[in-house]
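These are the residues of each chain, in order.
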Amino acid sequence: MRYAGIDIGSRSIELVVVNDACKVLCRFQADTGFDPMAKAKKIVNRVSYDRIMATGYGRNLFEISFDAPTVTEIKAHARGAWTLFPGSQTVLDIGGQDSKAIALFENGNVKKFEMNDRCAAGTGKFLEIMAGTLGFKIEDFGKEALMAEKGLNISSMCTVFAESEVTSLIAKGQSRQEIARGLHDSVIRRAISMINRVSSEGDIVFTGGVAKNLCMTTLLSEKLGRKVRIPDEPQFVGSFGAALLALEIG
Amino acid sequence: MKYDIMNKLQQIMEQNLIDIEQAKDRGQSAIGFYCLYSPMELAVAADAIPLPLCGTSNEPIATAEEILPRNLCPLIKSSFGFAVKDTCPFFRFSDIIIGDTTCDGKKKMFELLSRYKPTHVLQLPQSQDTAMALSLWRSELERFKKIVETQTGVAINNDRLRAAIRLMNLERGARKALMDMNKAKPAPLSGSQLLEILFKVGFLADKEKGISLMEEVVAEAKNGSFLSEDVVAGSRKRILLTGVPVGLGSDKVVKIVEQSGADVVAFENCSGYKQAFFVDEKTNPLDALAEQYLATPCSVMSPNNGRFDLLKEMIQEFSVDGVIDLTWQACHTYNVEAFRIEEFVQKTFGMPILHLETDYAESDTEQLRVRIEAYLEML
């Protein structure tokens, strides 16, 4: 049997297909765009599967169009991360427009979770806009930030306010790399306080697209003093978890 | 039958406005209340109409924000906005307004509210178990009594007060009986039905009408009239909602819980079970009122041990599967207390809790839905 998991997020859609042995058979990714269901259909049509489970913000729309079961991204990320790193008890997921810290029971079930507020402060979208303001490509943003010797203090977490703060730092002639580092520092501070609210020890599995940012992963383990484990394809953990849950319900 | 009763309630609500208008034309006074702490008995004892005032709609908030800071609790902004826009009929009917020094936001809002309507603010103590607190509250009720007497021209004696207590006890008893229905499994009333009935009945000037309607609902609900057919008995998780008050217009969390396949079976808040108390009918009436009303377990009190006791009792009696603790944005007292509530529920019942902070706007519906669905997945 083939089990698919689709994660329809605010910024991107991921799809993973696994077999009965939980082995990944294939995966796809696309930008969500303005018509998530059309995009989702396109991706779904490219693969064959027996069962599908949806997660992410678009899950309820998908449920209506495809008559498929759904699961929240919290449970999906928890299951995906726990399967990739058996025994892990804490997950940090920073996606396009939200971030969450999840504590797990030993059996992988969700024990407690925290999510960011309604705005996109401290998420992938925040980093993307800030990279643009500073003239960096998003793929290089983390590397550039790591090159700075120190981070400049950025106090605003709101995307709109932080952008004007960054603009005024640029106007003062400050180094772009140091500004970039400061932005990463502030996102990390926020993530750490969220993690500390749910769990105080043990390794952290870092999932979501932002886990591909080298500065984020480096700073996280440095400032938290806990081991941070990064999946090979962190942005697929939610869809992988959904596929596993599709397998589980049989 | 369900629809008959809900239609009847709607008709009674419409008739209520006409009744109040006519009563006022005959010279009867109306007194507006914002908080559960001030005893409506004092109004009833002077033949005045006690009116709870609106504050559960998002609509007047934008107007309120022209004067009040945005970063303030939506309940306060909504209440104030209704007054400024003059869109709450009950505010319009009220000759005087009674407020209490509950939270900081409210007491400062009342200062501004007095520009629109004579507003009397009772000095509510911040603790409940000292002799000084009780004696202060007792003397504030004495002052409140004189305010009502001046307004109505009626001298409030002990017999009048006792009769008022009896009537209000009957009303509270009917509300309690209605809320207690949901101790049954499955809950015979959905959370939103219960909320709608409790909310609307509160506005009725004729207390007897409200009591008999609630009794009718109880009788009908016992026969299962309110149960929806598509619900498989026992399959839905039973949720207790604690924290800030909710009413029509500020019930988005209740709706999302229901849409996510669970039931809100009980409300541990001042629009719900915090009203399920009885005032002693035998002792000196003003003493009894002071003591019972001061005991209301709101987070403005420090310490607020009564809330923990009530929560424990309700979690057991309503056999709940989960607890959602709701805080309106910028409500510091409930927001801070949330940490201890979570700890308490976790320790006592080994049950996870979901703490939500939001306002009346619909903009975060999907974010709330994720949290609520994820919480239900955990249970």
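Residues numbered from 1 in each chain as written. Chains lettered and ligands numbered in written order. Predicted model: local features only at pLDDT ≥ 70, side-chain atom pairs only at ≥ 80, totals over all residues. Heavy atoms only, no water.

## Thoughts on the interface of chain B and chain A
Here's step 1: Each side of the interface is counted separately: chain B has 19 residues, and chain A has 16 residues.
Here's step 2: Carbon and sulfur atoms supply 52% of the area that chain B and chain A bury against each other, a total of about 1400 Å² over both sides.
Here's step 3: Interface area lost by chain B to chain A is led by Val370, Arg371 and Glu377 of chain B, which between them contribute 40%.
Here's step 4: For the pair chain B and chain A, the interface holds 2 salt bridges.
Here's step 5: Between Arg59 of chain A and Glu373 of chain B there is a salt bridge, with the nearest N and O atoms lying 2.8 Å from each other.
Here's step 6: Counting every contact that joins chain B to chain A gives 5 residue pairs in polar contact (both at pLDDT 80 or more).
Here's step 7: Elements supplying a minimum of two residues to the side of chain B that touches chain A: strand 8 (353-358) and helix 15 (365-378) of chain B.
Here's step 8: Per-element tally for the side of chain B that touches chain A: the top contributor is helix 15 of chain B, with 10 residues.
Here's step 9: Across the side of chain B that touches chain A, the residue classes break down as 7 nonpolar, 4 polar and 8 charged. (Contact = heavy atoms within 4.5 Å. Buried area = accessible area lost by both parts, 1.4 Å probe. Salt bridge = Lys/Arg side-chain N within 4 Å of Asp/Glu carboxyl O. Polar contact = N/O pair within 3.5 Å; in protein donor to acceptor, adjacent residues only side chain to side chain. Helix = DSSP H or I, 4+ residues; strand = E, 2+ residues; numbered from the N terminus. Nonpolar A, V, L, I, M, F, W, Y, C, P; charged D, E, K, R; others polar.)

## Here's the deal with the environment of Ala46 of chain B
Here's step 1: Following the sequence through the fold, Ala46 of chain B ends up in the loop between helix 2 (41-45) and strand 2 (49-52).
Here's step 2: Each C-alpha atom, one on Ala46 of chain B and one on Thr152 of chain B, is 6.7 Å from the other, the two residues being 106 residues apart in sequence.

## Thoughts on the sheet that holds strand 2 of chain B
Residues and elements named next belong to chain B.
Here's step 1: Strand order in the open sheet made by the 4 strands is 2-1-3-4, with parallel pairing throughout. A single partner strand is all that each edge strand has here, and the edge strands are strand 2 and strand 4 (119-122). When the angles between neighbouring strand axes are averaged without regard to direction, this sheet yields 25°.
Here's step 2: Judged from the 3 bridges that link them, strand 1 (residues 30-33) and strand 3 (residues 96-100) form a sheet pairing that is parallel. Residue pairing across strands places Gly32 opposite Ile97, the latter belonging to strand 3.
Here's step 3: Relative to the sheet, helix 7 (residues 131-152) contacts strand 1, strand 3 and strand 4, its axis offset from that of strand 4 by approximately 160°. (Pairing = 2+ DSSP bridges. Axes fitted to C-alpha atoms, helices over the stretch in contact; angles between N-to-C directions.)

## What about helix 4 (residues 124-134) of chain A?
Residue and element names in this part refer to chain A.
Here's step 1: Among the residues making up helix 4, those that are buried are Gly124, Phe126, Leu127, Met130, Ala131 and Leu134. Considered in projection along helix 4, the buried side chains sweep an arc of 155° and stay on one side of the axis.
Here's step 2: Lining the buried residues of helix 4 we find strand 5 (90-94), helix 5 (138-147), helix 6 (159-171), helix 7 (176-198) and helix 8 (214-224). (Buried < 20%, exposed > 50% of the residue type's maximum accessible area, 1.4 Å probe, protein only. Arc of directions from axis to C-beta.)

## Description of the packing of aromatic side chains
All names here are of chain B.
Here's step 1: Under the defined criterion, the tally for this structure stands at 11 aromatic pairs over all chains.
Here's step 2: Ring geometry for Phe90 against Phe203: centres 4.5 Å apart, planes inclined by 15°, an arrangement best described as stacked. Of this pair, Phe90 sits in helix 5 (residues 89-93) while Phe203 sits in the loop between helix 9 (191-202) and helix 10 (207-222), and the two are 113 residues apart along the sequence.
Here's step 3: Judged by relative accessible area, Phe203 falls into the buried class, the value being 5%.
Here's step 4: Plain terms: the ring middles of Trp328 and Tyr360 are 4.9 Å apart, the flat faces sit at 80° to each other, and that makes the pair edge-to-face. With Trp328 in strand 7 (residues 322-328) and Tyr360 in the loop between strand 8 and helix 15, this residue pair connects regions lying 32 residues apart in the sequence. (Phe/Tyr/Trp six-rings, centres within 6.5 Å; stacked < 30°, edge-to-face > 60°.)

## Focus on the domain arrangement of chain A
All names here are of chain A.
Here's step 1: Per the domain assignment, the segments of chain A are domain 1 (1-85 + 233-250) and domain 2 (87-230).
Here's step 2: The C-alpha centroid of domain 2 is placed 24 Å from the C-alpha centroid of domain 1.
Here's step 3: Taken together, the contact between domain 1 and domain 2 spans 15 residues of the former and 29 residues of the latter.
Here's step 4: For the pair domain 1 and domain 2, the two sides together bury roughly 1800 Å², of which 65% comes from carbon and sulfur.
Here's step 5: Of all residues in domain 1, Ile74, Trp82 and Phe85 give up the largest surface area on contact with domain 2, accounting jointly for 38% of the area buried on that side.
Here's step 6: Counting across the domain 1 and domain 2 interface gives 1 salt bridge. (Domains from an automatic or database assignment.)

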